[in-house]
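# Survey of secondary and tertiary structure
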Amino acid sequence: MNSLFFPTVLIGLFLLLGGCNTAPVYEVSESPFGVESIASQSLEKAIIQAGRRSGWRIRKVRQGRMIGEFRTPKNKHVAVVEIDYTPTAFSIRYDHSLNLKYRPAQASAADATMGLSDLPGISERKRPTIHKVYNQWVAALESAILTEVKKSRYTVSSNTRSSPRPKPSASPCPEPHPESLAGRGVIKVRGANLRSGPGIHCAKVGFLKAGDELALRGQDGKWLLVEASGDQAWVYANLVERQSSPPGSENRSAAESQSPPVSKPKATIAVIQFKSLNREAQELKLGDLVSESFTTALVNSRAFKIIERDQLNKVVKEIELSQTGFIDTTHAVEIGKMLNADAIITGSVALLGGQLQMNARIIDIESAYVLSAESRTTPYRLEEINRGVREIVFSLSRKFWDQR
């Protein structure tokens, strides 16, 4: 990790231990990159790299949106932000936090009644507040993003007739022609680069350390196409130790296969927001996080057509159900019928002692039966949560298709 991360953490811990000073939450609103525009792929890499430099862990949710997480040692303090971006600007907004003294916006009734709400000083009380160290973390991320974007070779300037191109390499990245491959592997050396193609001259897109697990997706000569944390990249085959399945085993884990269990027409499915069962889960909005992870895993499985969250929310509001409350089977079936869905996934989450408990069930709309229910308990780390979600999705989808 970049050396800038450690001073940031040390400063943060010093401030957290040194007092409880709070300030209005710092948000970045439509900050321009300082260039006319930037290629989408290059922009996303720049934001992820900026996160590494400033101590944030960045993951892509969908086109135009990423989630950033900052954690101090032992996850004592956690900050999560939403990063929205376009080819010309970006914004950073607070999502949730842990042990950072966050307080929602407050304005007294007297201020509003007397028409004082927008005056200087009083307007500050209307804004949410948080420990000042959070603002420093966000400012560091903002600065790093601007720096990384300006370093990009793919920026587009209105002062040139054509887009500047990256300097040509003496040995360009070869076009991949992978053969299908399935299974799992683990990095057996101290570290291995992830690349955009099957060759050492292809761009580095990530890094794995010894013991990191990955799923095998294809092979081109001495290079393996692998998937780690939901992203696909290439790694040199000699750096990976393949893990064999028990003889005669035909049941692969979720990480070994993200394709439909059987070849049938895609069904339409919706993921209803998971309920947070305890206060810790509610404060961290883990119901939202796990629901989004399930949606992403279902999209990557290529086994279903997924109903968009906005469309689902409209239906939930239409039948006057709260997304934060528990939706029983009867209501889930009603929602599914209104959305013309074949199935609904719903469930709950709880955070206890640093362990996340996830419970999920898939309901067939036509029969109104719960086809399958699954649960997983994982450490409260993003990669472990995503792995547990993928395993649940694989199991639920297999049982769904087996019964249709």
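Residues numbered from 1 in each chain as written. Predicted model: local features only at pLDDT ≥ 70, side-chain atom pairs only at ≥ 80, totals over all residues. Heavy atoms only, no water.

## Description of the state of the cysteines
According to the stated counting rule, one finds 1 disulfide in the structure shown. Here C173 is linked by a disulfide to C202, with a sulfur-sulfur distance of 1.9 Å. Handedness of the C173-C202 disulfide follows from its S-S torsion of about 90°: it is right-handed. Note that C173 is positioned in the loop between β9 (155–156) and β10 (179–180) and C202 in the loop between β12 (191–195) and β13 (204–209), a separation of 29 residues in sequence. (Disulfide = S-S within 2.5 Å. Helix = DSSP H or I, 4+ residues; strand = E, 2+ residues; numbered from the N terminus.)

## Brief notes about the pattern of salt bridges
Here the structure, examined in full by the defined rule, presents 19 salt bridges. The closest approach of N and O atoms between E383 and R57, which form a salt bridge, is 2.9 Å. A residue pair is termed long-range when its members are at least 10 positions apart, and E383 in helix α10 (residues 382–402) and R57 in strand β4 (residues 57–62) qualify at 326 residues. Taken together, the shared-partner salt bridges in this structure form one network comprising R57, R184, E213, R381, E383, E384 and R387. (Salt bridge = Lys/Arg side-chain N within 4 Å of Asp/Glu carboxyl O.)

## What to know about the environment of G206
Assignment of secondary structure puts G206 in strand β13. Sequence separation of G206 and K45 is 161 residues, and the distance between their C-alpha atoms is 9.7 Å. Dropping the residues within four chain positions of it, G206 is found in contact with R52, A192, N193 and L194. (Contact = heavy atoms within 4.5 Å.)

## Notes on the nonpolar core
Within the largest apolar cluster, 32 residues are counted, with the highest numbers of intra-cluster contacts made by L286, F294 and I345. Elements with a minimum of two residues in this core: β18 (267–271), α7 (286–301), β21 (343–352), β22 (355–364) and α10. A total of 8 residues in this core trace back to one element, the largest contributor, which is α10. Within the second largest apolar cluster, 27 residues are counted, among which are I47, A79, F90 and I92. (Core = buried A, V, L, I, M, F, W, Y, C linked by side-chain atoms within 4.5 Å. Buried < 20%, exposed > 50% of the residue type's maximum accessible area, 1.4 Å probe, protein only.)

## Concerning the side chain of T378
Considering the arrangement of structural elements, one finds T378 in strand β23 (residues 370–379). On the basis of relative accessibility, which here comes to 6%, the residue T378 falls in the buried class. Excluding residues that lie within four positions of it along the chain, T378 makes contacts with G354, Q355, L356, M358, E384, I385 and G388.

## Some words on the pairing of strand β7 (residues 89–98)
The buried fraction of β7 amounts to 8 of the 10 residues, a majority that puts the element mostly inside the structure. Looking at chain direction, strand β6 (residues 78–85) and β7 are connected through 8 bridges and run antiparallel. In the strand pairing of β7, V78 is matched with L98. Hairpin remark: β6 followed by β7, antiparallel, with 3 residues in the connecting loop. (Pairing = 2+ DSSP bridges.)

## Some words on the packing of aromatic side chains
Taken as a whole and assessed by the stated rule, the structure comprises 6 aromatic pairs. Centroid distance W56 to F70: 5.4 Å. Interplanar angle 70°. Geometry classified as edge-to-face. One end of the pair, W56, is in the loop between α2 (40–54) and β4; the other, F70, is in strand β5 (residues 65–71), and 14 residues separate them in sequence. Classification of F70 as buried rests on a relative accessible area of 0%. Relative to Y134, the ring of Y94 lies with its centre 5.7 Å away and its plane at 75°, an arrangement referred to as edge-to-face. Taken as a pair, Y94 in strand β7 and Y134 in helix α5 (residues 132–151) lie far apart in primary sequence, 40 residues in all. The pair Y94 / Y134 is uniform in exposure class, with both members buried. A cation over an aromatic ring shows up here: R71 above the ring of Y380, its NZ or CZ 4.8 Å from the ring centre. (Phe/Tyr/Trp six-rings, centres within 6.5 Å; stacked < 30°, edge-to-face > 60°. Lys NZ or Arg CZ within 6 Å of the ring centre and 35° of its normal.)

## A short note on the side chain of S293
Among the structural elements, S293 can be located in helix α7. Looking at S293, the relative accessible area reads 7%, which means it is buried. Side chain to side chain, S293 and N386 meet in a polar contact 3.3 Å long. Aside from chain neighbours lying at most four places away, what touches S293 is N386 and V389. (Polar contact = N/O pair within 3.5 Å; in protein donor to acceptor, adjacent residues only side chain to side chain.)

## A short note on the environment of A281
Structurally, the position occupied by A281 is in helix α6 (residues 279–283). By relative accessible area, which is 0% here, A281 ends up buried. Excluding anything up to four places from it in sequence, A281 contacts S276, L286, V349, A350 and L351.

## Regarding α2
In this model α2 runs 21 Å from its N-terminal to its C-terminal C-alpha over 15 residues, within 8% of the 21 Å that 1.5 Å per residue would give. Along α2, the residues that are buried comprise S42, L43, E44, A46, I47, A50, G51, R53 and S54. Just beyond α2, the residue with positive phi is G55, at close to 90°. (Expected span 1.5 Å × (residues − 1).)

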